[in-house]
Amino acid sequence: MELITTPNLDAPDDFYEALIEAHQGLSTDESHAFNARLVLVLANHIGSTAVLRQAFEAAAPSR
């Protein structure tokens, strides 16, 4: 399975709005913790270590 890196959200603006709303009222530490839990939930949904490793590469800062 390959990581999808081309636009694939059916409603990207709605996703962004929901993500921002999910962070409303959270402190910086709570926001970081929320993001960590979200990553773990989505990683579980993906389920493939190979795909997750591709995502790590895609998200890594340019060197």
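Heads up: the structure comes first, above all this text.
As a starting point, this report considers the structure included with it. What you see is a predicted model; the values in this text were computed from it and never measured. (Residues numbered from 1 in each chain as written. Predicted model: local features only at pLDDT ≥ 70, side-chain atom pairs only at ≥ 80, totals over all residues. Heavy atoms only, no water.)

This brings us to the overall build of the protein. Along the protein, the regular secondary structure elements total three helices and zero strands. Computed over the C-alpha atoms, the radius of gyration of the protein is 14 Å, more than 25% above the 11 Å expected from 2.2 N^0.38 for a compact globule of 63 residues. With the C-alpha coordinates aligned to their principal axes, the bounding extent of the protein is approximately 35 × 30 × 25 Å. In the protein, which comprises 63 residues, the share counted as buried stands at 10%. Counting only carbon and sulfur atoms, one obtains 58% of the accessible surface of the protein, whose full area is about 5,600 Å². (Helix = DSSP H or I, 4+ residues; strand = E, 2+ residues; numbered from the N terminus. Rg over C-alpha atoms; globule rule 2.2 N^0.38 Å. Buried < 20%, exposed > 50% of the residue type's maximum accessible area, 1.4 Å probe, protein only. Areas by Shrake-Rupley, 256 points an atom, 1.4 Å probe, with all protein chains shown as cover.)

In this section: the environment of Ala22. Within the secondary structure layout, Ala22 lies in helix α1 (residues 12-23). Under the relative-accessibility criterion, Ala22 is labelled partly exposed at 31%. When the C-alpha positions of Ala22 and Ile46 are compared, they lie 21 Å apart, and in sequence the two are 24 residues distant.

Our focus in this paragraph is a negative patch on the surface. Judged by side-chain charge, Asp10, Asp13, Asp14, Glu17 and Glu21 come together as a negatively charged surface patch. Mapped onto the elements, Asp13 comes out in helix α1. With relative accessibility at 64%, the residue Asp13 sits in the exposed group. (Patch = residues over 30% accessible without salt bridge, like charges linked within 9 Å, V, L, I, M, F, W, Y side chains within 5 Å. Salt bridge = Lys/Arg side-chain N within 4 Å of Asp/Glu carboxyl O. Lys, Arg positive; Asp, Glu negative; His and termini not counted. Charge placed at Lys NZ, Arg CZ, Asp CG, Glu CD.)

Before going further, it helps to examine a nonpolar patch on the surface. Residues Leu9, Phe15, Tyr16 and Ile20 make up a contiguous nonpolar surface patch of roughly 420 Å² in combined accessible area. Looking at where Phe15 falls in the secondary structure, it is placed in helix α1.

Relative orientation of the contacting elements α1 and helix α2 (residues 28-46) amounts to 130°, with a least axis distance of 10 Å. Between α1 and α2, the angle is such that the two are oblique. Contacts between α1 and α2 involve Leu19, Ala22 and His23 from the former and Ser31, Phe34, Asn35 and Leu38 from the latter. Looking at the contact of α1 with α2 residue by residue, the class counts come to four nonpolar, three polar and no charged. (Axes fitted to C-alpha atoms, helices over the stretch in contact; angles between N-to-C directions. Parallel < 35°, antiparallel > 145°, perpendicular 65-115°, else oblique. Contact = heavy atoms within 4.5 Å. Nonpolar A, V, L, I, M, F, W, Y, C, P; charged D, E, K, R; others polar.)

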